[in-house]
Amino acid sequence: LATGMDDIRTLPTFAGAKNPLDVIRGNVNADMGREDQLVKVSYVSRNADDSVKINNAVIKAYKQLTEERTQSRAADLLKQVRQEKNKGEQEVETNSQALLQFQDKNGMLTPGNGKSSLVEDRLASLSTALTQAHLQTLSDQSEYERLSKVVQDDPAVTRQLNHLAAQGPDALRL
């Protein structure tokens, strides 16, 4: 990414270089702090002005890359959550329809058969549970969107999540 930026490609440091990226790779150093999780980037060049410009370009490219990865992961996660929500809603609808068909077929809600109060009580409790599940889904979705916004807006959180993600899926489990 850094060599693709027009403002550094023409720097004197790259004069005569076939591949500016090789020059950057050979002279850039990046270290992550153990306690503060800050990435420290330095670039060694004979030309101090070039060092500053190249260092800034590398940092800019790294930020862009991590932001793209975070956005991609968040979008994938949101897509999965929405798919699961839709699947759950479809299952609820299918089961509700099957229950109504069963009740109609077997006359379970017909007044005067002695069963209606038990069936109606069960139906009311299922309806309450379904409503609670819908409310919890909306609450969870709202919390997910809030946390996604926090992750996107806070570079420190993004760096921590990227660092944990690089350690493997077990590092993200609570």
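Residues numbered from 1 in each chain as written. Predicted model: local features only at pLDDT ≥ 70, side-chain atom pairs only at ≥ 80, totals over all residues. Heavy atoms only, no water.

1. Thoughts on a nonpolar patch on the surface
Among the surface-exposed residues, M32, V39 and Y62 lie close enough to one another that they form a single nonpolar patch of about 230 Å² accessible area. Owing to a relative accessible area of 34%, M32 belongs among the partly exposed residues under this scheme. (Patch = residues over 30% accessible without salt bridge, like charges linked within 9 Å, V, L, I, M, F, W, Y side chains within 5 Å. Areas by Shrake-Rupley, 256 points an atom, 1.4 Å probe, with all protein chains shown as cover. Salt bridge = Lys/Arg side-chain N within 4 Å of Asp/Glu carboxyl O. Buried < 20%, exposed > 50% of the residue type's maximum accessible area, 1.4 Å probe, protein only.)

2. Here's the deal with the pairing of strand β2 (residues 39–43)
Looking down a regular strand, the side chains alternate between one sheet face and the other. Pairing of strand β1 (residues 28–32) with β2 involves five bridges; the strand directions are antiparallel. Looking across to β2, one finds that M32 is bridged to V39. Linking β1 back to β2 in an antiparallel pair, the connection comprises six residues, with Q37 at a positive phi of about 60 degrees. (Pairing = 2+ DSSP bridges. Helix = DSSP H or I, 4+ residues; strand = E, 2+ residues; numbered from the N terminus.)

3. Observations regarding helix α5 (residues 155–167)
Taking 1.5 Å of rise per residue, the 13 residues of α5 would be expected to cover 18 Å, and the 18 Å separating its terminal C-alpha atoms lies within 8% of that figure. At the C-terminal side of α5, G168 shows a positive phi close to 115 degrees. (Expected span 1.5 Å × (residues − 1).)

4. Observations concerning the pattern of salt bridges
Going through the model one piece at a time under the given rule, you end up with four salt bridges. Residue K149 is joined to D153 by a salt bridge in which the shortest nitrogen-to-oxygen separation is 3.1 Å. Remark: D153 and K149 occur in helix α4 (residues 116–153); sequence separation between them is four residues, near one turn of the helix. Using a relative accessible area of 49% as the deciding quantity, one classes D153 as partly exposed.

5. What about the layout of surface pockets?
As a volume, the second largest pocket reaches approximately 340 Å³. Surrounding the second largest pocket, 15 residues form its lining, K63, T66, E67, P155 and R159 being those nearest its centre. Within the residue set of the lining of the second largest pocket, elements represented by two or more residues are β2, α3 (48–106), α4 and α5. If you tally residues by element for the lining of the second largest pocket, the top one is α3, at seven residues. Considering only residue class, the lining of the second largest pocket consists of seven nonpolar, five polar and three charged. (1 Å grid on protein atoms, 1.4 Å probe; cavity = no way out; pocket = protein on both sides within 12 Å on 5 of 7 lines; lining within 4 Å. Points joined across faces, edges and corners; volume = space filled by probe spheres on them. Nonpolar A, V, L, I, M, F, W, Y, C, P; charged D, E, K, R; others polar.)

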